[in-house]
Amino acid sequence: MNRAIFIPTALSLIAGVTDVTSWLLLGGFFSAHVTGNLVVIAADIVTGTRPDIVALLAIPVFILTTAIATVVARRIGSNAPRVTTVLFGAQAAFLVSAGVLSFTTVASAHPKDGMAIVIGICAVCAMAFQNAYLHIVPPRALSTAVMTGNLVAATVAATDILRTRGEAPDARAKWTASWPLLAGFIGGCLIGAGGATLFSDHAAIIPAVLAVALLIVVLAPRTRTRTRAAT
């Protein structure tokens, strides 16, 4: 498994599902593409609509959670294997909390009420831990929430590959690194949209399941190593 490609692609998938389900089920706010809430708030102000509380809280909560994740990661040690476990574990915990609350309530029927706000904030915190990981652990930060940069990178790489008839190794490397992120996010958006349409509030459990699955995959090699060491 190529972790350098697999993990960002899996995170893009999770971000896509989380963003779409929060948008469709919680009154229209971004949990992954968190700065998109600035556009939503500005549009609400122009149209005379009162902005949702969760949209107003999303960015400061995201910043605070990212700061907490950074402090925790630096204390553990940015290169320590346990950092990935802690950050992914926190992401999974927040998404599981959001999923359980959504599964046991009908928050989408009252997207401006307290329960919907709590669920939305849980989703934002999960995405903050995810993005903190990408800036702290890998050698270079990748975007798994805002796909504009990845779209440009993939387009430039594909154009260079066609232009040079495949004789551009740097372009092939950029294409290999960028297209899985786009595919993961688009796939996540489609899964989130389909889930919200078919299952309503219960669809919030989908990103939780994906986050737990990713955590298990990340932990599996270390578990096998400890098992072999013990025997």
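We now examine unusual backbone geometry. Look at S200: it is not a glycine, yet its phi comes out positive at around 55°. Within the secondary structure, S200 is located in the loop between α7 (169-199) and α8 (205-230).

Its 12 residues place the ends of helix α2 (residues 36-47) 17 Å apart at the C-alpha level, agreeing with the 16 Å of an ideal helix rising 1.5 Å per residue. Here α2 has its buried residues at G36, N37, V40, I41 and D44. The buried residues of α2 occupy an angular sector of 145° when the element is viewed end-on, so they sit on one face. The exposed residues of α2 that point more than 90 degrees off its buried face are L38, V39, I45 and V46. Here the buried face of α2 lies against α1 (3-25) and α3 (53-76). Once α2 finishes, G48 follows within two positions and takes phi at roughly 80°, a positive value.

Two elements in contact, α3 and helix α5 (residues 114-136), have axes whose closest approach is 8 Å; the angle formed by their N-to-C orientations is 40°. With respect to each other, α3 and α5 are oriented oblique. With respect to the hand of their crossing, α3 and α5 are arranged in right-handed fashion. Of the residues in α5, those touching α3 at I53, V54, L57, A58, V61, F62, T65, T66, A69, T70, A73 and R74 are I117, G120, I121, V124, C125, M127, A128, F129, N131, A132 and I136.

What follows concerns the pattern of salt bridges. Throughout the structure, instances matching the rule amount to two salt bridges. Across the salt bridge formed by D52 and K112, the nearest N and O atoms sit 2.2 Å from each other. Of this pair, D52 sits in the loop between α2 and α3 while K112 sits in the loop between α4 (81-104) and α5, and the two are 60 residues apart along the sequence. The exposure class assigned to D52 is buried, which follows from its relative accessible area of 10%. Since its relative accessible area comes to 46%, K112 is described here as partly exposed. Between R163 and D160 there is a salt bridge whose closest N-O contact spans 3.4 Å. Of this pair, R163 and D160 both sit in helix α6 (residues 148-163), three residues apart, which is roughly one turn of that helix.

Among the secondary structure elements, T144 is positioned in the loop between α5 and α6. At a separation of 2.8 Å, a polar atom in the side chain of T144 contacts the side chain of Q130. Ignoring anything within four residues of it in the chain, the contact list for T144 reads P8, L11, S12, A15, Q130, N131, L134 and F185.

By size, the foremost hydrophobic cluster in this structure holds 53 residues, and its most contacted members are L11, F88 and M127. At the level of elements, α1, α3, α4, α5, α7 and α8 are the ones that each hand at least two residues to this core. Tallying contributions element by element places α5 first for this core, with 15 residues. Look past the residues within four positions of M127 in its chain and what remains in contact with it is I14, A15, T18, S31, A32, F62, Q91 and L95.

Calculation rules
- Residues numbered from 1 in each chain as written.
- Predicted model: local features only at pLDDT ≥ 70, side-chain atom pairs only at ≥ 80, totals over all residues.
- Heavy atoms only, no water.
- Helix = DSSP H or I, 4+ residues; strand = E, 2+ residues; numbered from the N terminus.
- Expected span 1.5 Å × (residues − 1).
- Buried < 20%, exposed > 50% of the residue type's maximum accessible area, 1.4 Å probe, protein only.
- Arc of directions from axis to C-beta.
- Contact = heavy atoms within 4.5 Å.
- Axes fitted to C-alpha atoms, helices over the stretch in contact; angles between N-to-C directions.
- Parallel < 35°, antiparallel > 145°, perpendicular 65-115°, else oblique.
- Left-handed = near helix turned anticlockwise from the far one by under 90°.
- Salt bridge = Lys/Arg side-chain N within 4 Å of Asp/Glu carboxyl O.
- Polar contact = N/O pair within 3.5 Å; in protein donor to acceptor, adjacent residues only side chain to side chain.
- Core = buried A, V, L, I, M, F, W, Y, C linked by side-chain atoms within 4.5 Å.

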